[in-house]
Every structure is written in structure tokens, then in C-alpha cells.
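Summary of structural features
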There are 2 protein chains.
Amino acid sequence: MTVGGTNGERRAPATLHDVAREAGVSLATASRSLNGSTRKVNEEYRQRVLAAAAKLDYSPNLSAQAVARGTSTTVALLVADIADPYFAQIAAGVVREADHEGLIVTMAATERDSERELELVRSLRGQRPRVMILAASRRADDPAATALAEELRAFEANGGRVAFIGATEAPHRSVALDNAAGAEALARALVQAGYRGFAALTGAEGLRTAEDRLGGFLAGLAASDLTIAPEHIVRPAFTRDGGYDGMRTLVELGIGEIDVVFAANDVMAVGAMSAIRDAGLVPGRDVAIAGFDDIPTARDVTPPLSTVRLPLEEVGRRALRLALDTIGPGDDLPVRAEVVLRASTPTRAR
Amino acid sequence: MTVGGTNGERRAPATLHDVAREAGVSLATASRSLNGSTRKVNEEYRQRVLAAAAKLDYSPNLSAQAVARGTSTTVALLVADIADPYFAQIAAGVVREADHEGLIVTMAATERDSERELELVRSLRGQRPRVMILAASRRADDPAATALAEELRAFEANGGRVAFIGATEAPHRSVALDNAAGAEALARALVQAGYRGFAALTGAEGLRTAEDRLGGFLAGLAASDLTIAPEHIVRPAFTRDGGYDGMRTLVELGIGEIDVVFAANDVMAVGAMSAIRDAGLVPGRDVAIAGFDDIPTARDVTPPLSTVRLPLEEVGRRALRLALDTIGPGDDLPVRAEVVLRASTPTRAR
DNA sequence: CTGTTAGCGCGTTCAC
DNA sequence: GTGAACGCGCTAACAG
């Protein structure tokens, strides 16, 4: 760790005023040359201003611009956990699209606490972001929900845009993920592959994403008159460790009748695979497992994880486009959730 | 995908002025009640202001505050790729610490392009962030380096703080990661475990982190009079796919004399493991493999990946503290890089 | 303790 | 085309 810092002379940043003076023009001319929308400035002056700006290391004060213009160039992104690959990929997409639009992304993490989420939205609102993207998981029974709704309503009433990812929250735009349909298709595919004994690892009760996926999966089973025994539906945390713990519970309960476990997301599935292995069993052979999301590591675990692919980066980009009304090609199509069968759910000879 | 938006009446956000009027007090009193540092406001007035603010859904305009105060509450974070678990974890740490300090994080991705990085720093500077944290990988031969240095110098001259993560860049503060020492310790541990035939997958030439790790690893081998044949040092991209491709190259070259591969980071190692497996070999048995970073999935691949643990979340937090001068307990200690031997490098009977 | 006023850095009418 | 002047929302002296 090195400590340094060239704080010899700490002169204030050059202002537009400084630049104008240096260039020998008026403030207005300087402003027009550097940012002005409809260019109508003498080329010679323009050059003088540009030179002065360069010489003074001028950098326009975005806050001041925002105040003067009455509109910022910021988009606020709310996720549950940045380190979770699901959110990290979404964030990457949002940042990329924002960069494309010349916008700046500010990021906050709810850490899966809806009180925190409310606080964050409240505080983020102070930035007057053009857009607020809420990717953090919604829950059905949320006590802070109405307060959040009120906060977002106020934000929108002031001209802000809101986009949700995943759950479709009443009056707001959202990139709907076809959680239910994807899970249903997965269930059908697994039945097709010969599986009959099912278990599920899903998030805490009320977590929308988890509920939708479980619901879809059950619907897919129901189509073949199959179901999951209540004791085989475990609801640990919606994380890697949750998956591990949940799978342990299942193993301890006895895995006799279970031949495949559906984890409501890939990080849980990955944790579950480790639990299976730690129990002395072989995932894919002794018990099959499937996840949801198709995070990058799904390919790299052993055996490779069957899952439902969501184009998460694209989802992030699309969320921003949706909020901004800058629709691109294909944006009207629903986000495809695609079943990807890999070796963690081998076809069963029956 | 749902489109909505309650843009019935788009009234401008309530201003402090509105609140003051509503509460029947002066602007100053309103300001003091809502944000003022040293509280010295009649409790009754205070309550009136708070009530008015609540009634009007008032949210202080951070941009205006920044302009008036001459200082923002923003920290800018630059990473190479948000979706990469290495950077995602660092980002999570920065965001958490920032939240702790009441600061807001804006995030940008260089996508490993130093031209882009320069552009981003330039543009981020417009936010007048309190701190700029550069986690994106440095390279030795960077043509944009001097321009970047100049930009950062200007930023610091204006009172901004800069913190690097990883490489120690000349006059700036930085959280030094003990890449060389960690890799050296790993090499020694592998020699100790009985390995003799080494190969390395490292990033593009000039990439500081990659060079440091490789250098350290070689130093560790040299201590036992061992080395790596030049043709066994492959330099693919510093990514998962780079690791995969690099390992394929190695396999095609013939893996006869190689009994362990050192990948310069875990995502590469994970890719390499898949390549090994796709070649019909078993990682850890036919060829051992070790990585660096200890990303979460290192535990969940098969066999679990030996690596050098870096407390990345903590690194992110510490970077911010370092820049802010809010040193915490243990912050004076160097970041420990700790060798973690797992089953991907079993002890070799010789 | 409260209110008035002058800025903060910039965009943008409005006359010239 | 250019410049002077006002306003954006807020903070911080400065007087009362």
C-alpha cells in the first residue's frame, strides 16, 4: 500500500468562466463552443475556446450543467448484490448501454433488504436521474412496498423513468423475464428425459422470481400429472450457500425418491452440486440437477449444468432502452428463456 | 414487457423554496432543518419543515448541493469488466463502504481498452467525484499512460483523490495486491506437493497483474532450481475463454511433461479446466491446475480449484478508505494473499 | 436562532 | 454571430 498524492497546490478546477477569460470571449460563447447544441459560433473563436479549455484542463462540471439544464445524465441502478453473477451481468449490460447513450450509471445494492431498497430509492432520487432501474428482487408480501411505490410514483411524476427487471410492478415499465414459462419448459424437458422424482430448491417464500419459477416448474410437471412432494420443496436463501444448505437438507431427508433437483437459480444449483458431492454422491449420476439463468460458470462446473438461459446482459441493456424509449431492433419481442440441457441432467434410461 | 408510466401531470420536483413557503419559513431555515450541519433550529420550525417536505415529496437536489457546496458525494469506480467476478467483488466492496460513508458510486467499464479508460476518466472527472478508484488492469507499455497520468494529476490538483487497486501507479495511493509474493508462495507449495513439470497461462504481455503473478511464480520455482519452458508459457486473453483457448494450445502441444498448469487468475483456470476435460483428460488427475484470486466458484468446480486467495471485497472497501483517509483497523497491514490448496492440485506421490 | 443576500458553475433567453 | 443578464436549486456568510 502506497500513500502519495500531489496536493502541492490545490487550485480549484477551471470553470467555464476561466476558459472564457483565457480565450478572450464571453461566457456564452465559451459555453456554446464546448457544449452548445445548435452550433453557431465563429470557427476562430471556437478554436480559441477549445485551446483555452485544453490548456486549463477544463472539465465541464456535470452537476452545474444538471442544475442549469434541469436534467441530469445519470441512470441509477439498484441490484440486490453486485457480486452475484446474475446482477453483475445485468449491470454490465446497463453500463454498456448507458455508455452508448452518453449516460453515467450510479449503482447501489439493496443486499436483499427492502427497507434498504426504499432508503436507496429515496436517496438516489436526489440525483434526479433520468432513469431508475430496479433489478433487485421483488417480494409479494413486502411491507415497504407501498412506500416504495409512492416514492417511485413521485419520481415519475417529476419526469423520471422507472424500469423494473423481472417482476412486472404495476404501473411501471419492465423487462419481463419469462420465469414461469422457462421453468415450465424445463420441467417438460426433464420429464421428457425420463425424470419422475422431483425436488426443488427455491428462495424464501414470497420472493417473486423464486415463486414464478417454482410455479412454472410445477405447472410443467402437472402437464404430465406429476408433482413435487411438499417435503421436497426446500426454501433456503436465494444464494450459493442457500443452495448448498438446502441440498444438504434434502440429502439428510433421504434422496431415495428424488432423481432430479430443480434449483431456482444457477448459483443455488452450483452450491447444491457441491453439497451433493460433499455427501459422497455424484451430481448427474446419483441425482440430477438443473438451475436457471445460465450464468457463465454453468458451463464450467462438473457436470455442466442444465439450466434455462436468460440473456442477462441483453436484459440490462434492454431495460435502459425501454426506460429511455430508445427501442432497438427486436426489443418488442419478449425476452426468450431457453432451456439448455447439459450433462447434469442426462437422459434417463427407464 | 409492459409499458406504462404515470405521466399525467409532470410537475417539477419540489424545491427547497417550495418547502420553505409551505412551512412558512425562510429558505435558510428550511435548508438548515433538512441538511444543515450544526443544528440550531427551533424544534417547532424544524417539524414544520419536515412535515412540509414530506407532504411535497421533497428530495434534495444533489447536483445543486454539490454546486453550492463545491464538493460532491460521489465516488467514481473504474473496472475492466463488471461481469468478471474479480471486479464484481471489488465493486461490491466499494459500494458497501461508500454506502457506509453516505457516498454514491458511479461505475464505468473500460472493457480492457486503455483508450476507453482515458476517455472515461476524462468524462468522469466532470462529476467532480470525491474519489476515483481505478481497478482496471494496468499495462506496462500503455501508450495512453501519460495522458492518463496527466488527467489524474489534474484531478488531484483540484482536490480529488485517486486510489489504484493492484498495480501501484507512481504518485498515487494504491491498495497493493501481493501478486508476486502470492504466486511465489503458490509455486513453492506446488513444488512441495511434488510437482516438477510446470506450464503457465497468463495474460497478454505487458499486463501488469499477469506479469507480476507469472514473475512471482517463476521466482518460486527458481528457489528450487525449476523453471517453465518458454513454449509452456501461453499468453491468451485474461478471461475465461482465454484460459480455455490457452489450455487447448497446451494440450495440442502435448502435455507429456506438464503435470501442473498455473493460470494467472481463477476465471482462466476455470476455462482451462473445461478445456482439459474437453480434451478427454481429468483435471487434478491427468494434469493439475491452480489459479489466483479465489473467486467464489473456485470452490464449486470439480475438483475444487487450488488458488491464491485475495480478499477482494475487502480490497474494494479498503481502496475507498485509503482514498478517503478513513483508515480502519488493520488497514495499515498489507493485503494478505493466501495460498489455498484444494483438490485440483493433489499431493503427488513421487 | 432566523431571514436576506450573495454566490456556486453553468445554460439560455434577450438585446445588440 | 456575440455578450450581458437572469435563473437553476441550494449553501453559506452576513446582519438582525
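Please refer to the structure placed before this passage.
Residues numbered from 1 in each chain as written. Chains lettered and ligands numbered in written order. Predicted model: local features only at pLDDT ≥ 70, side-chain atom pairs only at ≥ 80, totals over all residues. Heavy atoms only, no water.

1. A closer look at the pattern of salt bridges
Under the counting rule described, the total for this entry stands at 70 salt bridges over all chains. The shortest N-O distance in the salt bridge between Arg 96 of chain B and Glu 313 of chain B comes to 2.3 Å. Taken as a pair, Arg 96 of chain B in helix H5 (residues 85-100) and Glu 313 of chain B in helix H12 (residues 312-324) lie far apart in primary sequence, 217 residues in all. Each of Glu 97, Glu 314, Arg 317, Arg 318, Arg 321 and Asp 331 of chain A takes part in one network of salt bridges that share partners. (Salt bridge = Lys/Arg side-chain N within 4 Å of Asp/Glu carboxyl O. Helix = DSSP H or I, 4+ residues; strand = E, 2+ residues; numbered from the N terminus.)

2. A few points about the packing of aromatic side chains
All names here are of chain A. Scanning all chains against the criterion turns up six aromatic pairs over all chains. By way of ring pairs, the aromatic residues Phe 198, Phe 217 and Phe 262 are connected into one cluster. The ring of Phe 292 carries Arg 213 above its face, with NZ or CZ at 3.9 Å from the centroid. (Phe/Tyr/Trp six-rings, centres within 6.5 Å; stacked < 30°, edge-to-face > 60°. Lys NZ or Arg CZ within 6 Å of the ring centre and 35° of its normal.)

3. Things to note about the protein's contact with DNA strand D
Inspection of the region around DNA strand D gives 26 residues, with Thr 29 and Asn 42 of chain A together with Leu 16, Ser 31 and Tyr 58 of chain B positioned closest. In the environment of DNA strand D, a phosphate oxygen lies 3.0 Å from a nitrogen or oxygen atom belonging to the side chain of Asn 35 of chain B. Within the contact set of DNA strand D, a phosphate oxygen lies 2.8 Å away from a side-chain nitrogen or oxygen of Gln 65 of chain B. For the surface near DNA strand D, the element with the most residues is helix H4 (residues 62-69) of chain B, which contributes five residues. Class assignment of the residues belonging to the surface near DNA strand D gives a composition of 14 nonpolar, eight polar and four charged. (Near = heavy atom within 4 Å. Polar contact = N/O pair within 3.5 Å; in protein donor to acceptor, adjacent residues only side chain to side chain. Nonpolar A, V, L, I, M, F, W, Y, C, P; charged D, E, K, R; others polar.)

4. Here we look at the relation of the copies chain A and chain B
Expressed as a screw operation, the relation of chain A to chain B combines 0.0 Å of axial shift with a rotation of 180°, fitting to an RMSD of 0.1 Å. One copy is carried onto the other by what is essentially a two-fold rotation axis. The C-alpha atom lying nearest the rotation axis in chain A is that of Thr 106 of chain A; the distance is 2.0 Å. A shared interface surface links the copies, since 100% of the contact residues of chain A are contact residues in chain B too. (Least-squares fit on C-alpha atoms with pLDDT ≥ 70 in both. Contact = heavy atoms within 4.5 Å.)

5. Digging into the protein's contact with DNA strand C
Among the 25 residues in the neighbourhood of DNA strand C, the closest are listed as Leu 16 and Tyr 58 of chain A together with Thr 29, Arg 32 and Asn 42 of chain B. Protein-proximal atoms of DNA strand C, defined as those within 4 Å of the protein, fall in sugar or phosphate at a share of 68%. At a separation of 3.2 Å, a phosphate oxygen of DNA strand C approaches a polar backbone atom of Ser 26 of chain B. Contributions of two or more residues to the surface near DNA strand C are made by helix H2 (27-34) and helix H4 (62-69) of chain A together with helix H2 (27-34) and H4 of chain B. Classifying every residue of the surface near DNA strand C by side-chain character gives 13 nonpolar, eight polar and four charged.

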